[in-house]
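Residues per chain, in single letters:
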Amino acid sequence: MANSEGGFDTELNFRPGAPNHGRRIPGEQWWVKREKLLEAAGYRLRPRFRQDWVPSWRGTKKLYYHQEDGIHNFLRVALDATRISDGKQVMMKQVVREEGPYELDIATYLSSESLMSDPRNHTVPLLEVIELPNDEHDKIMVMPLLRPFDNPKFETYGEAVAFMTQIFEGLQFMHERNIAHRDCTKMNIMLDPSSMYPDSFHPAKRSRRKNFKGKAKYYARTQRPSKYLFIDFGLSRRYDPAAGPPLDEPLQGGDKTVPEHRDQTKLCNPFFTDIYYLGNLIRERFLYKRHGFEFIEPLIADMVQEDPEKRPKIDEVVTRFAAIRKSLSTRKLRSRMIPRKEIGLVGFFRAWGYLYRTAGYILTKKSPIPDP
């Protein structure tokens, strides 16, 4: 092999104008160049990101995109790894100060021992910070490997209620400490899979096992209650309450529908925007897609009001939702959420599977609201 760049074969890397055929793209090459440093720090990257990588399909008739090491990582700033000491899967993220000047400070603060012991803290734990000497990205944050909050799909109203309870109290926890997330949208709320996926899964192909062979085994949320976590504090900021209600420049996150962000020249209160983000997430992911969420419609309508000043503060949201939760019957909580676009025959077979599982939950006395 001809090694001419950073100690690895340049033929394995993407070149503009050439067909990709599984070659590493620029964002991946950043990690490859630091592979040895990360291994010295106690973390091993997958074969694709090692400097001595030889594609598994080379010299065969195999299609690269069907192979474990043929899957691209398009998320430039983040990559999974394995902690060598115990085999724990983690997610690494570059600290880019110009993009998120307060991210590391806020993540470190929220991961302090005193705050992590609070059950209302639903922020991702910061496991370690790796120093990168003589590098434009001077640090790498190490966090647990997570999954999107809605993968796998929710099945019952009780599972959805458990999710809403956690994200409301999690935002309340941050707001009590004068931290506005400023991007608490669907991409930045994750599921801690340690309970539902005891054997884990493949980080680049979540439906597959950790070794990429066959489907990953998992349990339902009602069987194994799980925790939901806020991630990505790149836009977050901690404000001084002595300075009065915060007014800051609007920063657009993953949700581009925020009413107060239409005028980019007008300062706005980021705590009110956080309320909108959570309300709109629930509206778009649950109310618009599933039947039967009339019980929360009035609260969500208030959370997404055009006028930010008219939205309830997070303490009111938590109080009102607690009353809503208490009013729901066990039958409602155990009921299957029916998609608005579900085809009749599909719904019939899903219903039979749901009835079988629900009978098991009742016999084993599983709570209809799977709180962790």
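Coordinates for the structure precede this section.
Note that the structure is a prediction, hence the values are computed from the model and not measured.

Participant: Mind showing me how you'd approach the overall build of the protein chain here?
Facilitator: A tally of helices and strands in the protein chain yields 10 helices and 12 strands. Since a compact globule built from 372 residues should have a radius of gyration of about 21 Å, the 23 Å found for the protein chain is in line with a globular shape. Considered along the principal axes of its C-alpha atoms, the protein chain spans approximately 70 × 55 × 40 Å. Counting the 372 residues in the protein chain, one finds 50% classified as buried. Across the protein chain, the fraction of contacts at a sequence separation of at least 24, relative to all contacts at a separation of at least 6, is 68%. Roughly 18900 Å² of accessible area belongs to the protein chain as shown, and the carbon and sulfur atoms make up 54% of that amount. Of the charged side chains in the protein chain, 61 are positive and 49 negative; the average position of the first set lies 9 Å away from that of the second.

Participant: Would you mind showing me how to read the nonpolar core here?
Facilitator: The biggest cluster of nonpolar side chains holds 63 residues, and the ones touching the most others in it are F163, M164, F168, F286, F293 and I296. If you list the elements that add at least two residues to this core, you get α3 (103–110), β7 (139–144), α5 (157–176), β10 (189–191), β11 (228–230), α6 (270–287), α7 (297–303) and α8 (314–327). For this core, the element with the highest residue contribution is α5, accounting for 11 residues. Sequence-distant contacts of F293, defined by excluding residues within four places in its chain, comprise Y157, A160, M164, F286, L287 and M337. Within the second largest apolar cluster, 15 residues are counted, among which are W30, Y43, A81 and V142.

Participant: Just to check I follow, could you spell out helix α10 (residues 344–363) for this structure?
Facilitator: Helical periodicity: at 3.6 residues per turn, an α-helix aligns residues three or four positions apart in one direction. Taking 1.5 Å per residue as the helical rise, α10 with its 20 residues ought to reach 28 Å, and the 29 Å between its terminal C-alpha atoms agrees with that figure. Listed in full, the buried residues belonging to α10 are G347, Y354, T358 and Y361. Mapping the buried residues of α10 onto a view down its axis gives an arc of 50 degrees, with all of them on the same face. In this structure, α10 carries L345, F349, W352, Y356 and L363 as exposed residues pointing more than 90 degrees from its buried face.

Participant: I tried to follow the sheet that holds β10 on my own but got confused; where do I start?
Facilitator: Remark on secondary structure: sheet strands pair via backbone hydrogen bonds, oriented parallel or antiparallel. Reading across the sheet, the three strands line up as β8-β10-β11 and stay open at both edges, with antiparallel pairing between neighbours. Strand pairing shows two members of the sheet lacking a second neighbour, β8 (147–148) and β11, which therefore form its edges. Those strands touched by α5 are β10 and β11, and its axis lies near 35 degrees from that of β11.

Participant: Looking at this structure, I do not really get the pattern of salt bridges. What am I missing?
Facilitator: Opposite charge on two side chains lets them pair, provided their charged atoms get close. Here the structure, examined in full by the defined rule, presents 21 salt bridges. Here D302 makes a salt bridge to R320, at a shortest N to O gap of 2.9 Å. Here the residue D302 occupies a position in helix α7, and R320 occupies one in helix α8, the gap between them amounting to 18 residues. The network of salt bridges with common partners includes D118, R120, E176 and R177.

Quick notes on the rules
- Residues numbered from 1 in each chain as written.
- Predicted model: local features only at pLDDT ≥ 70, side-chain atom pairs only at ≥ 80, totals over all residues.
- Heavy atoms only, no water.
- Helix = DSSP H or I, 4+ residues; strand = E, 2+ residues; numbered from the N terminus.
- Rg over C-alpha atoms; globule rule 2.2 N^0.38 Å.
- Buried < 20%, exposed > 50% of the residue type's maximum accessible area, 1.4 Å probe, protein only.
- Contact = heavy atoms within 4.5 Å.
- Areas by Shrake-Rupley, 256 points an atom, 1.4 Å probe, with all protein chains shown as cover.
- Lys, Arg positive; Asp, Glu negative; His and termini not counted.
- Charge placed at Lys NZ, Arg CZ, Asp CG, Glu CD.
- Core = buried A, V, L, I, M, F, W, Y, C linked by side-chain atoms within 4.5 Å.
- Expected span 1.5 Å × (residues − 1).
- Arc of directions from axis to C-beta.
- Pairing = 2+ DSSP bridges.
- Axes fitted to C-alpha atoms, helices over the stretch in contact; angles between N-to-C directions.
- Salt bridge = Lys/Arg side-chain N within 4 Å of Asp/Glu carboxyl O.

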